[in-house]
Structure formats: C-alpha cells, structure tokens
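# Reading the structure
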Amino acid sequence: MKHYFRSARMVFSSLVLVCFSMAAPALAQEDAPAPTPAEILAATPAEHWLPIPLTDLILMTLPDAPDGSKRQAVIQLLPASLSGGHVRNVRSLARIHWWDGTKIYRVAKDFVTQFGGNPDSKTPPKGLETVPESEYFNAALGAKRDADMAALTAAVDYSNQYQGTEIEPLMKMIYENTGAQKVGFGGGWPIGSKTVDGETRYYPLTCRGSLSPAHYDPPDTGSGAEMSVITGEAARSLDTTFGMVGRVIDGLEHLQNLPLGTDPGGFYADKSQYIPIRSIRPASELPLADQPAYEYLASYSPALLQYIAAHGGYGNICTVPVPIRKVSN
C-alpha cells in the first residue's frame with residue numbers, strides 16, 4: 001500500500017502541473033469547436049506517452065500480399081507481472097520459432113482468425129505449462145487498474161474544480177453490460193472484474209485485436225500453440241471463457257482482410273486455402289536498427305477520457321481502443 005500511495009501521489013503531481021495545458025485554450029472560448037481525437041493526442045504532454053517494452057513484442061510475418069506489399073502484425077503480450085502460464089507458453093513458442101511454417105486455417109467473419117500447427121498435426125514442444133482456468137484471472141491486474149484509475153480520478157477532479165474543465169468520468173461515456181461488474185484501464189490495458197465464489201477477480205478484457213489461446217472442453221484451456229486473433233466486436237463474449245494473452249497493435253488488417261472460410265465456424269474447406277506463416281518471433285531478435293518501438297497513452301492521463309469522449313456516442317470499454325503510436329528508435 002505504501003508503494004501505491006507514493007506512486008499515485010507522484011502521478012497526480014505530474015498531472016496537475018502539465019496535463020491540462022491543451023484543454024484551457026479550447027475552454028476559454030465557448031464557441032470554439034471541440035477538439036478532434038487527433039488534436040487531443042497531438043496536444044497530450046509527452047510525459048503521458050509511455051514506452052511498450054520491446055520484450056513484450058512479437059512479430060508475425062505472412063507471405064507478401066499479391067501486390068507485393070509486406071504483411072506483418074505486431075503483437076504486444078501482457079507483461080509477465082500481469083499474466084500467467086499462457087503468456088509464458090507463448091513467449092517460449094515464439095522464442096523457439098515453433099510457429100514458423102504453421103498455418104492460418106480459420107477465418108470467421110467479424111470473429112476470429114485462427115492459426116497454429118493443427119492442420120499439419122505438428123506436435124507442440126515439451127515443457128509447455130498446463131494452465132488452469134483460474135489463470136484467466138490475475139490479482140495484479142486489479143491492483144494496476146485501481147492504482148491508475150485512482151490517479152486519473154484525482155487529476156480529473158482537480159482539473160474540473162480548479163481549471164474549469166468538464167471532463168466526464170469513464171463510466172459516463174461507456175456502458176458495461178457484458179458481464180464485468182467494474183471496468184477500467186491499467187497499464188494501457190482494459191481490465192474488468194467480477195465476483196466469483198464471493199471473491200473479486202480481475203481479468204483482461206477481450207477486445208477486438210486480442211490474442212486468445214484456442215482451447216477444447218473445460219478444464220482444458222489450451223497450451224497457446226493454437227491461437228486466435230479476435231477480429232470482431234463480439235469479442236467480449238469470450239471474457240473469462242478463453243484466455244487473453246495480448247493484442248495486435250499494428251497490422252491487424254493483415255489478419256482480418258483474408259479470404260473467409262466456408263466451412264462451419266469459418267474453417268477453410270480445402271488445405272490449398274491455408275495461409276502459411278513465415279515466422280512468429282520476439283521483436284528483440286531483430287537487428288537493433290530494425291527493432292520496432294511503440295508508446296501507449298497512460299491510463300492515468302485525462303487525455304484518455306477526452307479522447308474517448310471526442311469519438312461521440314456511447315459504447316463499451318472496447319469501442320475506442322487505447323491509443324498506441326509507433327515512434328522512431
């Protein structure tokens with residue numbers, strides 16, 4: 001607790017000093033047009049953009065498109081401190097290049113793109129963890145979410161009271177009707193919670209772009225060797241019924257704009273339709289000059305709420321993704 005209050009106090013102090021410089025000019029003139037999402041991000045203090053660790057990134061490369069353009073997706077894994085066995089398995093599989101040469105064998109419209117070694121009966125490596133269903137939840141996610149949301153609330157309250165802003169709290173802008181009792185952001189991730197057997201448990205929300213291990217009948221949660229990338233808005237139906245290990249932060253279009261499978265469930269009817277995977281490996285394996293760098297908008301930044309509000313209308317917490325930007329090395 002001592003560490004949490006120190007962290008929240010430092011964040012709050014920083015926000016009070018710098019984060020609302022972009023809001024004041026617009027508020028000074030009532031007739032001024034509301035800033036666009038892009039304008040809000042452009043005016044966000046640099047301190048509110050936080051680096052995504054290179055060690056949390058893996059790269060998925062497909063064969064070039066018919067027009068010769070490159071097809072690569074960048075996947076951010078949940079940090080080790082906020083995850084469990086599934087993420088450790090995925091890191092291991094990427095590290096040994098196990099997915100190289102495996103196939104995309106299912107593309108279901110507005111739902112999932114699924115890949116792995118199943119079409120070739122490729123045997124997963126020894127040493128993968130058997131992951132229990134209890135690991136769909138992680139207490140550290142709740143601690144991170146609550147710390148960031150407390151800092152955000154303090155900063156917004158200060159600004160609304162002393163700077164004359166009118167920043168709406170998160171739950172004024174979104175609805176939550178998909179199972180979570182409480183939602184919020186922590187470390188750039190949307191996180192939910194619900195009561196299970198009288199205990200509050202926390203889990204990463206399955207939004208569009210999420211990476212989820214395919215599994216079989218409970219309690220088999222899958223090893224992570226077979227994976228699905230969620231490509232539709234119905235993803236929240238998978239919360240806590242599948243694991244969630246990460247998300248595609250760049251190149252999602254390469255995984256959703258693929259020929260649809262015609263068999264039930266979106267599976268490809270013929271092996272000739274399978275799409276080979278050239279490689280899936282840690283981004284840290286690239287030469288230093290080629291290693292990608294990304295930043296995310298801090299969960300405690302009021303700019304996040306302004307950005308969501310600027311999109312207009314209502315939605316759930318997944319409707320407007322957390323802003324992530326590519327930066328130069």
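Preceding this paragraph is the structure being described.
It should be emphasised that the depicted structure is a prediction, and the values quoted were computed from it without experimental measurement.

In terms of burial, strand 11 (residues 246-250) is a largely internal element, four of the five residues being buried. Where strand 3 (residues 71-77) and strand 11 come together, four bridges link them in antiparallel fashion. Residue pairing across strands places Ile75 opposite Val248, the latter belonging to strand 11. Note: strand 9 (residues 210-213) against strand 11, two bridges, orientation antiparallel. Paired with Ser210 across the bridge in strand 11 is Arg247.

Another point: the nonpolar core. Within the largest apolar cluster, 38 residues are counted, with the highest numbers of intra-cluster contacts made by Met60, Trp99, Ile104, Phe115, Leu211 and Leu255. Secondary structure elements with two or more residues in this core: strand 2 (57-62), strand 3, helix 4 (85-95), strand 4 (103-108), strand 7 (189-196) and strand 10 (227-230). Of all the elements, helix 4 adds the most residues to this core, at four residues. If we ignore the near neighbours within four places in the chain, the residues touching Ile104 are Met60, Leu62, Thr113, Gln114, Phe115, Leu255, Leu258, Tyr268, Tyr274, Ile275 and Ile277. Counting 29 residues, the second largest nonpolar core, distinct from the first, contains Val183, Cys207, Ala303 and Val322.

Right, let's talk about the side chain of Asn138 for a bit. Assignment of secondary structure puts Asn138 in the loop between strand 5 (112-116) and helix 5 (139-163). Of note is the side chain of Asn138, whose polar atom sits 3.5 Å from the backbone oxygen of Leu82. Polar contacts involving the side chain of Asn138 include one to the main-chain carbonyl oxygen of Ser83, which spans 3.4 Å. The residues touching Asn138, leaving out its near neighbours within four places in the chain, are Ser81, Leu82, Ser83 and Tyr202.

For helix 5, built from 25 residues, the straight-helix expectation of 36 Å at 1.5 Å per residue is met to within 8% by its first-to-last C-alpha distance of 35 Å. What helix 5 keeps buried is the set Leu141, Gly142, Arg145, Ala147, Asp148, Met149, Ala151, Leu152, Ala155, Val156 and Ser159. Where helix 5 begins, the side chain of Asn138 points an oxygen toward the backbone nitrogen of Ala140, at a separation of 2.8 Å. Looking at the residues trailing helix 5, positive phi occurs at Gly164, about 75°.

This part is about the packing of aromatic side chains. Inspection of every chain in the model, using the stated rule, returns five aromatic pairs. On the basis of an interplanar angle of 75° and a centroid distance of 6.4 Å, the ring pair of Trp98 and Trp99 is categorised as edge-to-face. Comparing Trp98 with Trp99, the two get one shared label, buried. Ring centres of Phe137 and Tyr203 lie 5.9 Å apart, and the angle between their planes is 85°; on these two criteria the pair is classed as edge-to-face. Linking Phe137 in the loop between strand 5 and helix 5 with Tyr203 in strand 8 (residues 199-204), this pair joins segments that are 66 residues apart in sequence. For Phe137, a relative accessible area of 16% corresponds to the buried category. Tyr203 sits in the buried class, given a relative accessible area of 2%. Site record: aromatic cluster; members linked through ring pairs are Trp98, Trp99 and Phe115.

Below, the discussion takes up the pairing of strand 9. Of the two faces of strand 9, the one carrying Ser210 and Ser212 and the one carrying Leu211 and Pro213 are both buried. Two strands pair when backbone bridges link them, and strand 9 and strand 10 are joined in this way by three bridges, in the antiparallel orientation. Bridged to Pro213 within strand 10 is Met227.

With that settled, consider helix 4. Within helix 4, eight of the eleven residues are buried, leaving the element largely enclosed by the surrounding structure. Among all positions in helix 4, only Gly85, His86, Val87, Asn89, Val90, Arg91, Leu93 and Ala94 are buried. The inward-facing, buried residues of helix 4 abut strand 2, strand 3, strand 9, strand 10 and strand 13 (279-282). Where helix 4 terminates, the next one or two residues include His97, which has phi positive at roughly 60°.

Reading across from one edge, 6-7-8 is the order of the three strands in this open sheet, with antiparallel pairing throughout. A strand with exactly one partner marks an edge of an open sheet, and here the two such strands are strand 6 (182-186) and strand 8. Put simply, the sheet's adjacent strands are angled 30° from each other on average, direction ignored. Relative to strand 6, helix 5 is tilted by about 80°, and along the sheet it contacts strand 6, strand 7 and strand 8.

If you walk across this open sheet you meet the nine strands as 12-4-5-10-9-11-3-2-13, and the pairing is antiparallel. Strand pairing shows two members of the sheet lacking a second neighbour, strand 12 (275-276) and strand 13, which therefore form its edges. Of the strands in this sheet, strand 2, strand 3, strand 9, strand 10 and strand 13 are in contact with helix 4, which crosses strand 13 at around 110°.

Quick notes on the rules
Residues numbered from 1 in each chain as written. Predicted model: local features only at pLDDT ≥ 70, side-chain atom pairs only at ≥ 80, totals over all residues. Heavy atoms only, no water. Buried < 20%, exposed > 50% of the residue type's maximum accessible area, 1.4 Å probe, protein only. Helix = DSSP H or I, 4+ residues; strand = E, 2+ residues; numbered from the N terminus. Pairing = 2+ DSSP bridges. Core = buried A, V, L, I, M, F, W, Y, C linked by side-chain atoms within 4.5 Å. Contact = heavy atoms within 4.5 Å. Polar contact = N/O pair within 3.5 Å; in protein donor to acceptor, adjacent residues only side chain to side chain. Expected span 1.5 Å × (residues − 1). Phe/Tyr/Trp six-rings, centres within 6.5 Å; stacked < 30°, edge-to-face > 60°. Axes fitted to C-alpha atoms, helices over the stretch in contact; angles between N-to-C directions.

Function cannot be read off these values alone, since they describe shape.
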